[in-house]
Amino acid sequence: MGVVRFSVSLEEELLNELDRFVKDNIFSNRSQAIRNLIEKNIVEKKWHCNNVVAGAIVLIYDHNKKEIVLRLNDIQHKYFDIILSSQHFHLNHNFCFEIIAVKGVAKKLTELSDKLISIKGISHGKLIMSKTD
Ligand code: NI
């Protein structure tokens, strides 16, 4: 893909923020950082659309916190129509690793994922989505 150059006008303060963003994220230059920001924005928009997509929700949590297990189960039953399967791995004595395969309208997947990831005590959560066509 060809690269097109264009100039951008920014307030000095915002430019300093951009340079800090470049440095913090170890981007090689401003263009790469801006590219990343634009792509992230586009992806986020797609996450709220009505397209049918496939995805996986990854969760890591401490199963000793019993209320997490109950909440996970309750929420997943409310979204049974978009959950294809879930896999549970016992990482060690305390931590569980769960992968929930999902398929459905992107915004509904995002809604489910947000609910699961925001359960108090979840150590890590992430949703990945992919087009189905
Ligand atoms: Ni477990």
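Residues numbered from 1 in each chain as written. Predicted model: local features only at pLDDT ≥ 70, side-chain atom pairs only at ≥ 80, totals over all residues. Heavy atoms only, no water.

Novice: It is not clear to me how the nonpolar core should be interpreted in this structure. Could you clarify?
Specialist: For soluble globular proteins, the rule of thumb is that nonpolar side chains tend to be buried together. Within the largest apolar cluster, 21 residues are counted, with the highest numbers of intra-cluster contacts made by I57, L59, L72, L112 and L116. Contributions of two or more residues to this core are made by strand 1 (52–62), helix 3 (66–78), strand 3 (95–105), helix 4 (106–117) and strand 4 (122–131). Every residue in contact with L112, bar those within four places of it in the chain, is listed here: I57, I75, Y79, I82, I83 and V102. (Core = buried A, V, L, I, M, F, W, Y, C linked by side-chain atoms within 4.5 Å. Buried < 20%, exposed > 50% of the residue type's maximum accessible area, 1.4 Å probe, protein only. Helix = DSSP H or I, 4+ residues; strand = E, 2+ residues; numbered from the N terminus. Contact = heavy atoms within 4.5 Å.)

Novice: I would appreciate a short explanation of the coordination of the nickel ion in the present structure.
Specialist: For a metal bound by four donors in a tetrahedral arrangement, the ideal donor-metal-donor angle is 109.5 degrees, while six donors in an octahedral arrangement ideally sit at 90 or 180 degrees. Protein coordination of the nickel ion is provided by H88 (NE2), H90 (ND1) and C96 (SG), with donor distances spanning 2.0 to 2.4 Å. Site description for the nickel ion: donor spacing in sequence, H-x1-H-x5-C. (Donors = N, O, S within 2.8 Å, 3.2 Å for Na, K, Ca; no water.)

Novice: Would you take a moment to explain the packing of helix 3 against helix 4 for this structure?
Specialist: Two quantities define a packed helix pair, namely the angle between the helix axes and the distance between the axes. Two numbers describe how helix 3 lies on helix 4: the axes approach to 10 Å, and their chain directions differ by 170°. Here helix 3 lies roughly antiparallel to helix 4, going by the angle between them. Side by side, helix 3 and helix 4 meet where L72, I75 and Q76 of the first sit next to L112, K115 and L116 of the second. Grouping the amino acids of the contact of helix 3 with helix 4 by side-chain chemistry returns four nonpolar, one polar and one charged. (Axes fitted to C-alpha atoms, helices over the stretch in contact; angles between N-to-C directions. Parallel < 35°, antiparallel > 145°, perpendicular 65-115°, else oblique. Nonpolar A, V, L, I, M, F, W, Y, C, P; charged D, E, K, R; others polar.)

Novice: Can you help me understand the environment of W47 in this one?
Specialist: Inspection of the secondary structure assignment puts W47 in the loop between helix 2 (30–46) and strand 1. When the C-alpha positions of W47 and M129 are compared, they lie 8.0 Å apart, and in sequence the two are 82 residues distant. Contact partners of W47, with chain neighbours within four places excluded, come to A106, K107, T110, L127 and M129.

Novice: How should the layout of surface pockets be read in this particular structure?
Specialist: Of the pockets and cavities examined, the largest pocket occupies roughly 590 Å³. Of all the secondary structure elements, the ones that give two or more residues to the lining of the largest pocket are helix 1 (12–24) and helix 2. It is helix 2 that provides the largest number of residues to the lining of the largest pocket, a total of five residues. Residue composition of the lining of the largest pocket, grouped by class: ten nonpolar, three polar and three charged. (1 Å grid on protein atoms, 1.4 Å probe; cavity = no way out; pocket = protein on both sides within 12 Å on 5 of 7 lines; lining within 4 Å. Points joined across faces, edges and corners; volume = space filled by probe spheres on them.)

Novice: Explain the sheet that holds strand 1 to me, please; I cannot follow it from the model alone.
Specialist: Strand pairing in a sheet relies on backbone hydrogen bonds. The paired strands run either parallel or antiparallel. Ordered by their spatial adjacency, four strands build an open sheet running 2-3-1-4, and the pairing between neighbours is antiparallel. Because the sheet does not close on itself, it has two edges, and the strands there are strand 2 (83–90) and strand 4. Shown here is a sheet whose adjacent strand axes are inclined to one another by a mean of 15°, direction ignored. By the bridge criterion, seven bridges tie strand 2 to strand 3 in an arrangement that is antiparallel. Note that in strand 3 the partner of I83 across the bridge is V102. Lying on the sheet, helix 3 is in contact with strand 1, strand 2, strand 3 and strand 4; it crosses strand 1 at an angle near 165°. Against the sheet, helix 4 makes contact with strand 1, strand 2, strand 3 and strand 4, and its axis sits at roughly 170° relative to strand 4, the strand it touches most. (Pairing = 2+ DSSP bridges.)

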